[in-house]
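Overview (structure and organization)
Single-letter residue listing:
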Amino acid sequence: MQSAEPTAGVDLLSRLSNALLSTTVDDRSAAIRTAAAAVAEYAGASRVLVHETVVGGGPDETYEWTRPGEPSDAGAPPGTVLPLMFQGSQVGTLILQHPREAQSLPDAVLGAAAQVIAAGLAGARAIGQAAAAEQRARAMLDDIGAVVVRVGPDGRVTFVNQAWTTLTGIAFHDIVGKDAMHHVHPDDRILAAQHMAALIGGSAESREVRFLARDGDPRWMEVKGRALFDGGGAVAGFAGILHDVTERRGAELQARDARGRAEHAQAVAERANQAKSDFLSRMSHELRTPLNAIVGFSELLECSDLEPDDAECVTQIVRAGRHLLDLVTEALDVNRIESGQLPVRLASIPVGEVVADCAALLRPAAAERRLTIRHLRAGQPDARVWADPQRLKQALLNVFSNAVKYSHPGGTVTVDCYPLDLETPFGRESDGGWLRIAVTDTGIGIPADRLDDVFLPFERIGAERTEVEGTGLGLALTRSLVEAMSGQIRVHSVQGVGTTFQIDLPAAAPVPDQPVPAS
Ligand code: ADP
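Residues numbered from 1 in each chain as written. Predicted model: local features only at pLDDT ≥ 70, side-chain atom pairs only at ≥ 80, totals over all residues. Heavy atoms only, no water.

1. A few points about the packing of aromatic side chains
- On inspection of all chains with the given rule, the structure shows three aromatic pairs.
- Between phenylalanine 159 and phenylalanine 172, the ring centres sit 6.4 Å apart and the planes meet at 70 degrees, which makes this aromatic pair edge-to-face. A residue pair is termed long-range when its members are at least 10 positions apart, and phenylalanine 159 in strand 6 (residues 157-160) and phenylalanine 172 in helix 5 (residues 172-175) qualify at 13 residues.
- Among the residues examined, phenylalanine 159 registers a relative accessible area of 12% and is labelled buried.
- On the basis of an interplanar angle of 85 degrees and a centroid distance of 5.9 Å, the ring pair of tryptophan 164 and phenylalanine 211 is categorised as edge-to-face. (Phe/Tyr/Trp six-rings, centres within 6.5 Å; stacked < 30°, edge-to-face > 60°. Helix = DSSP H or I, 4+ residues; strand = E, 2+ residues; numbered from the N terminus. Buried < 20%, exposed > 50% of the residue type's maximum accessible area, 1.4 Å probe, protein only.)

Rendered as structure tokens:
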């Protein structure tokens, strides 16, 4: 029967302490096996098993040491079995096989060894659990998508999560331990310092601050944070969450730029338009005064006794002068309408009267071309529209005079005026809301593909190559006038057959005795 040296027990306990009480997660298994080997050596056992009971449902772990050359004999009966107890709970079992005779072993040493191994198991487990918890916490922080940062009381970064590196390209070890301001854009450092001061003061406000990425590009981050205090009330650092708002800021900047450019362009266009209007109205005024004199005096000359050649020249002067006067007047009107300077005063007016006035004015020209003017329903006394009498007359005169100008000699110009009917599921019904004035001629017509062009300023659709005088402004002006009175103008035409212009205006209640307001 052998007896262990008393110093061997002390030696065993110190070897166990060294092996187990400073283990890390990574060398835990190796440390437990080293402990098992030390116990086996001390006890002369051929195999030592450390059986760890895993708390929380996981599978139990067994660490084994077998003397080299010994057959592994898992089925052999256990020699000595010692419970591994820590703080009143069993954390495992220590099993020694083929030990020396049990009674020769000092129980106290093995009991103490079991306590050290139990403490080692429990400690290592606690470390492992803490490491796993930290791992989980880090993974959660990395999954957040926002940057999580902690700064110490000295202003140095103590922690950032993976999102920081993903966003900025700056590695964890390149920021941790550095001054937190180091990566803030120089222009925003004062703002960031003010923010930190505000956080110490209890503010919960967030700020948008630029951080510099690894490539030097600024990234806008919305910083939400709070100051941390120790038990004595001193600042212990800061914790913050940073959201990348670079794209939003970029979009806002672009929108602001675009708005600025649009406003600038609009201001320039408005100034240019105003300058054009001013120029046109001054020019037309300057032109009209001498033109009126030219036309007036040449008309006087026309009446005097002249040689035929001279009379012809004067007639040309009168015609050219009148044409110029028309051009200047219409150009000015178009310009005034476009710039909203042509006032339109709406009133309930009898259409028949306006139509009759226009027809009377054009009768001499129509007679010259041997045209017949026919009125259909235009004479109805109760047909009234909401319009500016002067502007309606101007619009109708344009359409009428075109019908006369572009008609074949001996043709017919027909004026009709009727309430607009609506197609309904119950048949045709008058909606009473609109009145149509239609002027139809039996003239040269307009090519189908040029119908829309007739309303464009200075567009004469080939009439400039004919003898028919005109400025190309009449219909552009007419459309503007009609639209200014909330109406619509349309054209239908068949080339070589004739043309119809329709002017639709809001109908007014039939009050024949209502006075026409002065325009
Ligand atoms: P213009 O002073 O040339 O008559 P308008 O603006 O009044 O200018 O008309 C534009 C063009 O539309 C005319 O030049 C002409 O070619 C065409 N047009 C207008 N009315 C008629 C019509 N009743 N019949 C045929 N062509 C027309």
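2. Things to note about the confidence of the model for the protein
- Here the protein averages 85 in pLDDT, while 89% of its residues score no lower than 70.
- Between the elements of the protein, mean pLDDT differs from a low of 77, seen in strand 14 (residues 427-441), to a high of 96, seen in strand 15 (residues 488-494). (pLDDT = per-residue confidence, 0-100.)

3. Details of the site of the ligand
- In the vicinity of the ligand there are 20 residues, among which Tyr406, Asp441, Arg460, Thr471 and Leu475 approach most closely.
- The side chain of asparagine 402 places a nitrogen or oxygen atom 2.9 Å from an oxygen atom of the ligand.
- Residue arginine 460 places a side-chain N or O atom 2.5 Å away from an oxygen atom belonging to the ligand.
- Contact with the protein chains covers 97% of the free accessible surface of the ligand, which is 530 Å².
- In this structure, the ligand is accommodated by the largest pocket.
- Counting residues per element, the ones that place at least two in the shell around the ligand are helix 10 (389-405), helix 11 (474-484) and strand 16 (498-508).
- The residue inventory of the shell around the ligand, partitioned by class, reads nine nonpolar, seven polar and four charged. (Near = heavy atom within 4 Å. Polar contact = N/O pair within 3.5 Å; in protein donor to acceptor, adjacent residues only side chain to side chain. Areas by Shrake-Rupley, 256 points an atom, 1.4 Å probe, with all protein chains shown as cover. 1 Å grid on protein atoms, 1.4 Å probe; cavity = no way out; pocket = protein on both sides within 12 Å on 5 of 7 lines; lining within 4 Å. Sits in = over half its atoms within 2 Å of the grid points. Nonpolar A, V, L, I, M, F, W, Y, C, P; charged D, E, K, R; others polar.)

4. Details of a nonpolar patch on the surface
- A cluster of nonpolar side chains, namely Phe279, Met283 and Leu287, defines an oily patch on the protein surface of about 280 Å² accessible area.
- Considering the arrangement of structural elements, one finds methionine 283 in helix 7 (residues 246-303). (Patch = residues over 30% accessible without salt bridge, like charges linked within 9 Å, V, L, I, M, F, W, Y side chains within 5 Å. Salt bridge = Lys/Arg side-chain N within 4 Å of Asp/Glu carboxyl O.)

5. Some thoughts on the packing of helix 8 (residues 308-338) against helix 11
- Following both chains from N to C, one finds helix 8 and helix 11 inclined at 35 degrees, their axes separated by 10 Å at the closest point. As helix 8 packs across helix 11, the resulting crossing turns out to be left-handed. Residues Glu330, Asp333, Val334 and Ile337 of helix 8 pack against Gly474, Leu477, Ser480 and Leu481 of helix 11.
- Tallied by class, the residues present in the contact of helix 8 with helix 11 amount to four nonpolar, two polar and two charged. (Axes fitted to C-alpha atoms, helices over the stretch in contact; angles between N-to-C directions. Left-handed = near helix turned anticlockwise from the far one by under 90°. Contact = heavy atoms within 4.5 Å.)

6. So, the environment of valine 399
- Within the secondary structure, valine 399 sits in helix 10.
- Distance from valine 399 to threonine 478, taken between C-alpha atoms, is 7.9 Å for residues 79 residues apart in sequence.

7. Description of empty space enclosed by the protein
- Under the definition given, this model contains one cavity of 30 Å³ or more.
- Taken as a whole, the largest cavity spans an internal volume of roughly 320 Å³.
- Lining the largest cavity are 23 residues; nearest its centre among them are Val149, Val151, Met196, Phe211 and Val223.
- Residue assignment for the lining of the largest cavity shows that the elements contributing at least two residues are strand 5 (147-151), strand 6, helix 6 (189-200), strand 7 (207-212), strand 8 (218-229) and strand 9 (235-244).
- Looking at the lining of the largest cavity, its residues break down into 18 nonpolar, three polar and two charged. (Points joined across faces, edges and corners; volume = space filled by probe spheres on them.)

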